[in-house]
Amino acid sequence: MVNAKTWTLRKHFVGFPKFSDFEMKEEQLPETKDGEVLLEAVFLSVDPYMRPYSAVLMKEGDVMIGSQVARVVESKNPSFPVGCYVVASTGWRTHSISDGKDLQLLLTDWPDNIPKSLGLGTIGMPGLTAYYGLMEVCQIKDGDIVLVNAAAGAVGSVVGQIAKIKGFKVVGCAGSDKKVAYLKQIGFDEAFNYKTVSSLAEALKKCSAEGYDCYFDNVGGQFSSVALEQMRRFGRIAVCGGISLYNDTTKQTGPYVQTLMIFKQLRMEGFIVGRWKHKDEETLKQLMAWVKEGKLKYEEHITKGFENMPAAFMGMLKGENTGKAVVAV
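A short tour of the structure in this document, coming up.

What counts and what doesn't
- Residues numbered from 1 in each chain as written.
- Predicted model: local features only at pLDDT ≥ 70, side-chain atom pairs only at ≥ 80, totals over all residues.
- Heavy atoms only, no water.
- Pairing = 2+ DSSP bridges.
- Helix = DSSP H or I, 4+ residues; strand = E, 2+ residues; numbered from the N terminus.
- Axes fitted to C-alpha atoms, helices over the stretch in contact; angles between N-to-C directions.
- Contact = heavy atoms within 4.5 Å.
- Disulfide = S-S within 2.5 Å.
- Salt bridge = Lys/Arg side-chain N within 4 Å of Asp/Glu carboxyl O.
- Buried < 20%, exposed > 50% of the residue type's maximum accessible area, 1.4 Å probe, protein only.
- Polar contact = N/O pair within 3.5 Å; in protein donor to acceptor, adjacent residues only side chain to side chain.
- Core = buried A, V, L, I, M, F, W, Y, C linked by side-chain atoms within 4.5 Å.
- Phe/Tyr/Trp six-rings, centres within 6.5 Å; stacked < 30°, edge-to-face > 60°.

### With respect to the sheet that holds strand S8 (residues 145-148)
Through backbone hydrogen bonds, the strands of a sheet pair up, either in parallel or in antiparallel fashion.
Now for step 1: Spatial ordering of the open sheet is given by S10-S9-S8-S11-S12-S13, a layout of six strands whose pairing is parallel. The open sheet is flanked by strand S10 (190-193) and strand S13 (267-270), the only strands paired with a single partner. Strand-to-strand twist of the sheet, defined as the mean angle between neighbouring strand axes without regard to direction, takes the value 15 degrees.
Now for step 2: Against the sheet, helix H2 (residues 125-137) touches S8, strand S11 (212-217), strand S12 (231-239) and S13, its axis set at about 145 degrees to S11.
Now for step 3: Against the sheet, helix H6 (residues 221-228) touches S8, strand S9 (169-174), S11, S12 and S13, its axis set at about 170 degrees to S11.

Structure, rendered in structure tokens:
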């Protein structure tokens, strides 16, 4: 028998999450049955989607949703031998039992010098999100100018680098001078701190006077209202997230986009990464190849200790991380 620690949603979030909204519990796991494996978490992910999804998918008392890189410590399933590493959507748990249906093996040729935590970041869901949003939703083409907000985050930083690998001009914004410096370091053509500019509209125009063809939106809200004004004709907007809206207790309103979208003939599309799951294996191999070649750089914000999951989650929502926010058990 194994004792597992879990973090549960004690109270649904009202506004910004609080420590009192979470509760740590322990549970005793049963013995594994034929076809099952026992997993031990090595790295756990904290992501913006957990804030809005918790309201839709969870009830109070449920284990917090999320994914982890886990090691198989006991196996009665030949597809997942002891010692292998998997990505599992088992939530905020130190240990769990799985029948294997919800598991994804890390790439078999994962190099020793590349941290396995990237399976939750650049070579995982955020990397896939960046790739599909850019290539499938925005459908970038020759001459495009790309704009991405929350550009120093897990998804945004990959969006910008993939666009540069493909040969496009990329403009990014972030919430600190340190993050802006990081964007320049990883190849963004232009970057600015949206918290310190006197006018967001002027900052966007300064970075690209001719406007933008592809806008990868992680933020929503007022930023998007301003950015849409600067889209070029036939521009495409990939709506990946709306982190500026997630903690609102009163819904933001307007301005309304219909007239603008008609006159500029814009296409705006929301998406969830699982739509292209059938392409994940080949896309992950491409992301790994770019990392190996040094074309796709990564940064991680690692918090140590399972007991610090809520603090890491709230810090991520505040923008304390550069790159992917991860908890190391």
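### Section: the state of the cysteines
Now for step 1: Scanning the entire structure with this criterion turns up one disulfide.
Now for step 2: Two residues, Cys138 and Cys214, share a disulfide whose sulfurs are 2.4 Å apart. Across the S-S bond of Cys138 and Cys214 the torsion is about 85 degrees, and the bridge reads as right-handed. Here Cys138 is found in the loop between H2 and S8, whereas its partner Cys214 is found in strand S11, with 76 residues between them in sequence.
Now for step 3: Cysteine Cys173 shares no disulfide, and the gap to the nearest cysteine sulfur, in Cys207, comes to 9.1 Å.

### Some remarks on the pattern of salt bridges
Now for step 1: A complete count under the given rule lists 15 salt bridges for this structure.
Now for step 2: Salt-bridge contacts for Asp21 lead to Lys18; the nearest nitrogen and oxygen are separated by 3.6 Å.
Now for step 3: The class of Lys18 is partly exposed, set by a relative accessible area of 39%.
Now for step 4: A salt bridge links Glu293 to Lys295; its shortest N-O distance comes to 3.3 Å.
Now for step 5: Looking at Glu293, the relative accessible area reads 49%, which means it is partly exposed.
Now for step 6: Lys295 gets classed as partly exposed once you look at its relative accessible area, which sits at 46%.
Now for step 7: Through salt bridges with shared partners, one network takes in Arg267, Glu269 and Arg275.

### Some thoughts on the pairing of strand S3 (residues 37-45)
Now for step 1: With eight of nine residues buried, S3 lies mostly within the body of the structure.
Now for step 2: Sheet topology note: the S3/strand S4 (residues 68-75) ladder contains seven bridges and is antiparallel. Pairing of Glu40 across the sheet is with Arg71, part of S4.
Now for step 3: Looking at chain direction, S3 and strand S6 (residues 95-98) are connected through four bridges and run antiparallel. Counterpart to Glu40 in the pairing with S6 is His95.
Now for step 4: Direction of pairing for S3 relative to strand S15 (residues 324-328): antiparallel, over a ladder of three bridges. Looking at the pairing, Phe43 lines up with Ala328 of S15.

### A closer look at the side chain of His95
Now for step 1: Turning to its location among the elements, His95 is positioned in strand S6.
Now for step 2: Here Glu40 takes part through its side chain, which lies 3.4 Å from a polar atom of the side chain of His95.
Now for step 3: A polar atom in the side chain of His95 sits 3.0 Å from the side chain of Thr94.
Now for step 4: Every residue in contact with His95, bar those within four places of it in the chain, is listed here: Val2, Asn3, Ala4, Leu29, Leu39 and Glu40.

### Points about the nonpolar core
Now for step 1: If you look at the biggest cluster of nonpolar residues, it comprises 51 residues, and the most contacted ones within it are Trp110, Ile123, Leu134, Val146 and Leu183.
Now for step 2: When residues of this core are assigned to their parent elements, the largest contribution, six residues, is made by H2.
Now for step 3: Once you skip the residues sitting within four places of it in the chain, Leu183 turns out to touch Ala151, Ala152, Gly172, Cys173, Ala174, Phe188 and Ala191.

### Quick word on the packing of aromatic side chains
Now for step 1: Counted according to the given criterion, the structure contains 12 aromatic pairs.
Now for step 2: Between Phe22 and Trp92, the aromatic rings sit 5.7 Å apart at their centres with planes inclined by 10 degrees, giving stacked as the arrangement. Here Phe22 is found in strand S2 (residues 22-29), whereas its partner Trp92 is found in the loop between strand S5 (85-88) and S6, with 70 residues between them in sequence.
Now for step 3: Assessed through its relative accessible area of 6%, Phe22 is described here as buried.
Now for step 4: Between the aromatic rings of Phe216 and Phe271, the centroid separation amounts to 6.0 Å while the plane-to-plane angle is 80 degrees, which identifies the pairing as edge-to-face. Pair noted here: Phe216 is in strand S11 and Phe271 is in the loop between S13 and helix H8 (280-292), with a separation of 55 residues, a long-range link.
Now for step 5: Among the aromatic side chains, those forming a connected cluster through ring pairs are Tyr131, Tyr132, Phe216, Phe271, Trp276 and Trp290.

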